[in-house]
Amino acid sequence: MPGILVHEWIARDGGSEKVLDEFVRTFPEADVLCLWDDADRYPGRTVHESGLARTPLRRSKALALSAMPYVWRRRPGSYDFALVSSHCFAHHVTFRGAPSGFEKFVYVHTPARYLWNPELDDRGASLAVRCAAPPLRALDRRRAREGAHFAANSDFVRRRIERAWDVEARVIFPPVETARISSVPDWRDELSAAESALLEGLPETFVLGASRFVPYKRLDWVIRAADLAGVPAVIAGSGPEEGRLRQLADEATVPVHVLARPSDALLYALYQQAHVYVFPAVEDFGIMPVEARAAGARVVVNALGGAGETVAEGVDGLCFREDRVEAVAECITAIDGVPKGRNEAVAALSSENFRQHIRDWIGEEIGTA
């Protein structure tokens, strides 16, 4: 059956892009629709961009925000179904040539945080977003209730969907490359000479914080908590917060190393070498804690978000329940009570299983997948 895969904007990397990658693998004949494509991830695949791609707005999501809900409406094309990856307004999509039996399936990473939960995302504090938020929330809720099948990437997000849009959703955890990560006993064997030297130069014992360098990931909490616990820290990733994190690293009383843009192999080796991987963000799901456990790391995560839903407390990690840095430090100190080593339960979160869940979900409604 002819279908189309819909995504907000296609970036070079990101958790939602990994979901889209699996959609593409699940439905290899489907077209792709996005606001703009900054990555060229799918050579040979038809990727349709919106009119925003031909304007300067593609370089400013905040300025483009108020236009997005209208760009998604009445798109050209006749499809039997649309599978939508949504974290902003992609779930608003409609097609003017859709047949009477058209079905829309929306995989929700989150209702737009900066509209519905600005306390979880600093982007919601900008003047432009605060001014646009009230009418956009009303429009977002109305269009979500037009009729679609919804899946959430965690129970945390499912509950937020219900509060924001008053619609029900099933939970399908997102894909994680658990099989690939678990297949290599020691990722140090996969490193370049320069990466091996870098890893050898790190402290023997360290707390690892790794994610994008943006405020809501709270990598500053990792530095402060490691400082309180008296354990060196390694911060790995990339993003606009790099300068601030390096300044905090210089000010800490314990050694803190900031590693910019690590390769996958180096990141997985860091997971394996770390005393504990710490993920303090209030996250919708949290792919990186699952990656860390697939590599054999113990983890500390925030119980307030979706990251704690897949952690076996005391078996492969600890959840802190008071949202403060001191609680993170206490978990770092207590992590020795958790055994180190791969937890086979994370295999259930594999990319292969995700694709099957998506096929089953769509197949239930349209009779084939």
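Below: a short report on this structure. (Residues numbered from 1 in each chain as written. Predicted model: local features only at pLDDT ≥ 70, side-chain atom pairs only at ≥ 80, totals over all residues. Heavy atoms only, no water.)

## Here's the deal with the overall build of the protein chain
Line of reasoning, step 1. A tally of regular secondary structure across the protein chain gives 14 helices and 13 strands.
Line of reasoning, step 2. Radius of gyration (C-alpha) of the protein chain: 21 Å, near the 21 Å computed for a compact globule of 369 residues.
Line of reasoning, step 3. On the principal axes, the C-alpha backbone points of the protein chain span a range of 60 × 45 × 35 Å.
Line of reasoning, step 4. Looking at the protein chain residue by residue over its 369 residues, the buried ones come to 56%.
Line of reasoning, step 5. Put simply, of all contacts in the protein chain between residues at least 6 apart along the chain, 61% involve residues at least 24 apart.
Line of reasoning, step 6. Within the structure as shown, the protein chain displays about 15,500 Å² of accessible surface, and the carbon and sulfur contribution to it stands at 48%. (Helix = DSSP H or I, 4+ residues; strand = E, 2+ residues; numbered from the N terminus. Rg over C-alpha atoms; globule rule 2.2 N^0.38 Å. Buried < 20%, exposed > 50% of the residue type's maximum accessible area, 1.4 Å probe, protein only. Contact = heavy atoms within 4.5 Å. Areas by Shrake-Rupley, 256 points an atom, 1.4 Å probe, with all protein chains shown as cover.)

## Description of the sheet that holds strand S13 (residues 317–320)
Line of reasoning, step 1. Taken in spatial order, the six strands make up an open sheet running S10-S9-S8-S11-S12-S13, and their pairing is parallel. Looking at the sheet topology across the chains shown, the edges are occupied by strand S10 (256–260) and S13. If you compare each strand with its neighbour and ignore which way they point, the axes differ by 20 degrees on average.
Line of reasoning, step 2. Note that strand S8 (residues 207–212) and strand S9 (residues 233–238) share six bridges and pair parallel. If you follow Ser211 over to S9, its bridge partner there is Gly237.
Line of reasoning, step 3. Across the sheet, helix H11 (residues 264–273) lies against S8, S9, S10 and strand S11 (276–279), angled at about 150 degrees from S8, the strand it touches most. (Pairing = 2+ DSSP bridges. Axes fitted to C-alpha atoms, helices over the stretch in contact; angles between N-to-C directions.)

## With respect to the environment of Gly239
Line of reasoning, step 1. Mapping Gly239 onto the fold places it in the loop between S9 and helix H10 (242–251).
Line of reasoning, step 2. The class of Gly239 is partly exposed, set by a relative accessible area of 31%.

## What about the pattern of salt bridges?
Opposite charge on two side chains allows them to pair when their charged atoms are near.
Line of reasoning, step 1. All chains considered together, the criterion is met by 30 salt bridges.
Line of reasoning, step 2. Between Asp284 and Arg113 there is a salt bridge, with its nearest N and O atoms 3.1 Å apart. Residue Asp284 is found in the loop between S11 and helix H12 (287–295), and its partner Arg113 is found in helix H4 (residues 113–116); the two are separated by 171 residues along the sequence. With respect to burial, Asp284 and Arg113 carry one shared label: buried.
Line of reasoning, step 3. Glu322 is paired through a salt bridge with Arg324; the nearest N and O atoms lie 2.7 Å apart.
Line of reasoning, step 4. What you see here is one network of salt bridges that share partners, running through Arg113, Arg160, Lys217, Glu283 and Asp284. (Salt bridge = Lys/Arg side-chain N within 4 Å of Asp/Glu carboxyl O.)

## Description of the side chain of Arg113
Line of reasoning, step 1. When its relative accessible area of 4% is taken as the criterion, Arg113 is described as buried.
Line of reasoning, step 2. A polar atom in the side chain of Arg113 sits 3.1 Å from the side chain of Asp284.
Line of reasoning, step 3. The residues touching Arg113, leaving out its near neighbours within four places in the chain, are Pro118, Leu120, Asp121, Arg160, Tyr216, Val282, Glu283 and Asp284. (Polar contact = N/O pair within 3.5 Å; in protein donor to acceptor, adjacent residues only side chain to side chain.)

## Section: the sheet that holds strand S5 (residues 103–108)
Line of reasoning, step 1. Taking strand neighbours across the sheet as the criterion, the seven strands line up as S3-S2-S1-S4-S5-S6-S7 in an open arrangement whose pairing is parallel. Only two strands of the sheet have a single neighbouring strand rather than two, namely strand S3 (47–49) and strand S7 (170–171).
Line of reasoning, step 2. Relative to strand S4 (residues 81–86), strand S1 (residues 3–7) is paired through five bridges, and the arrangement is parallel. When the sheet's bridge partners are listed, His7 is paired in S4 with Ser85.
Line of reasoning, step 3. In the packing of helix H1 (residues 15–26) onto the sheet, the strands contacted are S1, strand S2 (31–34), S4 and S5, and the crossing angle to S1 comes to about 170 degrees.
Line of reasoning, step 4. Docked against the sheet, helix H6 (residues 155–165) engages S5, strand S6 (149–152) and S7, running at close to 135 degrees with respect to S6.

## Overview of the pairing of S5
Line of reasoning, step 1. Counting buried positions along S5 yields five of six residues, so the element is predominantly enclosed.
Line of reasoning, step 2. Two strands pair when backbone bridges link them, and S4 and S5 are joined in this way by six bridges, in the parallel orientation. Across the sheet, Ser85 pairs through a bridge with Tyr107, a residue of S5.
Line of reasoning, step 3. By the bridge criterion, four bridges tie S5 to S6 in an arrangement that is parallel. Within the sheet, the bridge partner assigned to Val106 lies in S6 and is Phe150.

Just distances and angles here, no functional claims.
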